Number of protein chains: 2
Amino acid sequence: MASNWEEFYSSHPQPANLNKDEDLLRDFCARHLNGDTRVVLVTSGGTTVPLEHNTVRFVDNFSAGTRGSSSTEYFLDRGYAVVFMHRVKSLQPFSRHFSGQKFLNMLDLNETKDGTSITVTSENVPRIADVLRKYKSALECGKLLELSFTTVYEYLWLLRSACQILAPLAERCILYLAAAVSDFYIPPNEMSVHKIASTKPQTISLQLVPKILAPLVSLWVPNAFVVSFKLETNKDLLIDKAREALNKYKHKLVIANMLQNYRKKVTMVTQQNSYVIELTTEQSNAGEEIEMYIVKNVVDKHEEFIADRSGKS
Amino acid sequence: MASNWEEFYSSHPQPANLNKDEDLLRDFCARHLNGDTRVVLVTSGGTTVPLEHNTVRFVDNFSAGTRGSSSTEYFLDRGYAVVFMHRVKSLQPFSRHFSGQKFLNMLDLNETKDGTSITVTSENVPRIADVLRKYKSALECGKLLELSFTTVYEYLWLLRSACQILAPLAERCILYLAAAVSDFYIPPNEMSVHKIASTKPQTISLQLVPKILAPLVSLWVPNAFVVSFKLETNKDLLIDKAREALNKYKHKLVIANMLQNYRKKVTMVTQQNSYVIELTTEQSNAGEEIEMYIVKNVVDKHEEFIADRSGKS
């Protein structure tokens, strides 16, 4: 009998642009396989669950993409090559600093008889220069590959492909699964074809999305360093839930956080112990981001993991 | 007995920042009330319906905010003052042309011994200069007020306040209701407090959101020129649904469009007739936007409406 996740894949056809993304992943992976560059797959943003085949309405998960996009910058800082797999229109590394109309407010229009030029206002130059330098460097070194998804189906297909293509990197690879993936979905045969008419109340039946960490850890990337995230709103459940996931899927690390303060505090839960990373008020006020500390910590753990593996081999 | 919409407002408390938005609206309205500037309220983007009080998951409506944000630019071009009421992080006028990493790709970093400067690459100057000029002019003339919402509750509270404050503008005011507003919601007493556990399938019961066009047209802005939008995925229903709305709410115009081609074709449905506005392939290829033609058409109709009203008074 097919397992739950195999059934799920067989009942949701492959997204149209998957082959193109797989080609990009293969090129990226081939470029880094022969060196000693460490690679991280960062997933970021929420996934949608359409309520109609011609989708007007959908269920979504809270996630602006802050965690994934900022962590990507810090992994690049540490020399990692990053596959940044994100929800369409969620925050992206580098550009996240200038979303909305912020960037138009930083531009000066200079119109003279010699012509028109547009410059970044001097007070904004240092900050933008720093971001721009890092962004261009990541692109020039071929260290950043950005791929996107919208629905939970696109996410799961792309995630499996990425795992299979990254698997040969073995322990050199981190999976940093920060995306907020839907736990529920509507089976295709129960979905309305057209926009549901708003003439009467509706009941929606949601089925469970298979827990994809199970095949991911045991079958797809058995030698990689896998990090998952756990978001809760009730602090009494948080650490137990994280510990439960770790016991069930046998991966390396769960980063547990509360919706109410996820930008200030996380708990790192490993097979051995758990400890808190928390920004001080001074750090927050100075504009520091918790992801810098999270990534430093993950990179240290990854280093130990690699050393441990090579000791054994 | 309280009507449906009154019950809805009384069971969903006023959003925290509503008073601040009302102050901005009053200032904006006072500035334009004594001149002869025409004013339009543009609503834009989708609304969310939270599934939990501590919201991790929500139902959302398809809308990037393209229609509302681009129409805002064309209304400004025509001399209108615009209240742009949009979903947080949906497209905004002017900045919509440079979303994501597009704008980082347009910047040149010049580092010399005299210092660092950042300029827009010369091939991008004409386009950005045009947008920047219009953006700065709209701000300088005080002709653009941007307000935002996320949930359908915030939307409905803000819409009612905006209508009440704009009402004294009477026939000089257009309501251009392009936001994709949820038709369904979950009553607060049926919502989970915390994130719903993903241990078993779920059933969600959705109630109907009251049709707010009814009090809006008849009570809140009885003298304004009200334009609503109708989005369908089944073309057999589109015009009938638009006509039905017009008969029911007695407003001036429904702009009917199909999800599949809403950026290329709309049908304008009035009390008297209906006609199609459609971009030709040449217009599309030249980068023209259908909103330019829609807004021109709406402005012409508004002009006739004002002339007609002053003829009668």
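Everything numeric in this text was worked out from a predicted model, so none of it was measured.

### Points about the packing of helix α2 (residues 18–33) of chain B against helix α5 (residues 152–166) of chain B
All names here are of chain B.
Consideration 1: Look at α2 against α5: their axes get within 10 Å of each other, and the N-to-C directions meet at 25°. Taken together, the axis directions place α2 and α5 in an arrangement best described as roughly parallel. At the point where α2 passes α5, the crossing takes the right-handed sense. Contacts between α2 and α5 pair L18, D21, E22, L25, R26 and C29 from the former with W157, L158, S161, A162, I165 and L166 from the latter.
Consideration 2: Its residues assigned to classes, the contact of α2 with α5 comprises 8 nonpolar, 1 polar and 3 charged.

### Some points on the pattern of salt bridges
Residues and elements named next belong to chain A.
Consideration 1: Under the counting rule described, the total for this entry stands at 30 salt bridges over all chains.
Consideration 2: R26 is the salt-bridge partner of E22, the closest N and O atoms lying 3.7 Å from each other. Linking E22 with R26, this pair stays in helix α2 (residues 18–33), spanning 4 residues, or about one helical turn.
Consideration 3: Given the relative accessible area of 15%, E22 is considered buried.
Consideration 4: For R26, a relative accessible area of 43% translates into the label partly exposed.

### A few points about the interface of chain A and chain B
Consideration 1: The interface of chain A with chain B comprises 63 residues on the first partner and 63 residues on the second.
Consideration 2: The junction of chain A with chain B conceals about 5800 Å² of combined surface from both sides, 61% of it contributed by carbon and sulfur atoms.
Consideration 3: On the chain A side of the contact with chain B, Q101(A), L104(A) and I118(A) bury the most area, a combined 11% of that side's loss.
Consideration 4: Linking chain A with chain B are 4 salt bridges, by the criterion used here.
Consideration 5: At the surface where chain A touches chain B, the tally comes to 27 residue pairs in polar contact (both at pLDDT 80 or more).
Consideration 6: Residue assignment for the side of chain A that touches chain B shows that the elements contributing at least two residues are β3 (57–61), β5 (107–112), β6 (115–120), α4 (125–140), β10 (202–208) and β11 (225–232) of chain A.
Consideration 7: Tallied by class, the residues present in the side of chain A that touches chain B amount to 29 nonpolar, 20 polar and 14 charged.

### With respect to the UniProt feature "domain: DNA/pantothenate metabolism flavoprotein C-terminal" (unreviewed entry) in chain A
Consideration 1: According to UniProt, the "domain: DNA/pantothenate metabolism flavoprotein C-terminal" (unreviewed entry) feature falls on residues 170–282 of chain A.
Consideration 2: Secondary structure across residues 170–282 of chain A divides into 22% helix and 35% strand, with the first and last C-alpha atoms of the span separated by 39 Å.

### As for unusual backbone geometry
Residue and element names in this part refer to chain A.
Consideration 1: Of note, A170 is a non-glycine position whose phi angle comes to about 50°, a positive value.
Consideration 2: For K250, which is not glycine, the phi torsion reads 60° and is therefore positive.
Consideration 3: Structurally, K250 is set in the loop between α7 (235–249) and β12 (253–258).

### A word on the relation of the copies chain A and chain B
Consideration 1: Aligned on chain B, chain A shows an RMSD of 0.0 Å; the corresponding rotation is 180° and the shift along the axis is 0.0 Å. Here the two chains are linked by the operation of a two-fold rotation axis.
Consideration 2: Looking at the interface residues of chain A, 100% of them are also at the interface in chain B, so both copies use one shared face.

### Quick look at the packing of aromatic side chains
Consideration 1: According to the stated counting rule, one finds 31 aromatic pairs over all chains in the structure shown.
Consideration 2: In this structure, R160(A) is placed above the aromatic ring of Y9(A), and the distance from its NZ or CZ to the ring centre is 3.8 Å.

### Digging into the nonpolar core
Consideration 1: L159(A), L175(A), L216(A), L159(B), L175(B) and L216(B) are the most contacted members of the largest nonpolar core, which has 118 residues in total.
Consideration 2: Aside from chain neighbours lying at most four places away, what touches L175(A) is L41(A), C163(A), L216(A), V221(A), A224(A), F225(A), V226(A) and V227(A).

### Re the pairing of strand β4 (residues 81–87) of chain B
Residues and elements named next belong to chain B.
Consideration 1: Taken across its 7 residues, β4 has 7 buried, putting it largely inside the fold.
Consideration 2: Across 6 bridges, β4 lies against strand β7 (residues 144–149) in parallel orientation. Paired with F84 across the strands is E146, a residue of β7.

About the thresholds
- Residues numbered from 1 in each chain as written.
- Chains lettered and ligands numbered in written order.
- Predicted model: local features only at pLDDT ≥ 70, side-chain atom pairs only at ≥ 80, totals over all residues.
- Heavy atoms only, no water.
- Axes fitted to C-alpha atoms, helices over the stretch in contact; angles between N-to-C directions.
- Helix = DSSP H or I, 4+ residues; strand = E, 2+ residues; numbered from the N terminus.
- Parallel < 35°, antiparallel > 145°, perpendicular 65-115°, else oblique.
- Left-handed = near helix turned anticlockwise from the far one by under 90°.
- Contact = heavy atoms within 4.5 Å.
- Nonpolar A, V, L, I, M, F, W, Y, C, P; charged D, E, K, R; others polar.
- Salt bridge = Lys/Arg side-chain N within 4 Å of Asp/Glu carboxyl O.
- Buried < 20%, exposed > 50% of the residue type's maximum accessible area, 1.4 Å probe, protein only.
- Buried area = accessible area lost by both parts, 1.4 Å probe.
- Polar contact = N/O pair within 3.5 Å; in protein donor to acceptor, adjacent residues only side chain to side chain.
- UniProt positions renumbered as here; feature names shortened; annotations may be inferred.
- Least-squares fit on C-alpha atoms with pLDDT ≥ 70 in both.
- Phe/Tyr/Trp six-rings, centres within 6.5 Å; stacked < 30°, edge-to-face > 60°.
- Lys NZ or Arg CZ within 6 Å of the ring centre and 35° of its normal.
- Core = buried A, V, L, I, M, F, W, Y, C linked by side-chain atoms within 4.5 Å.
- Pairing = 2+ DSSP bridges.

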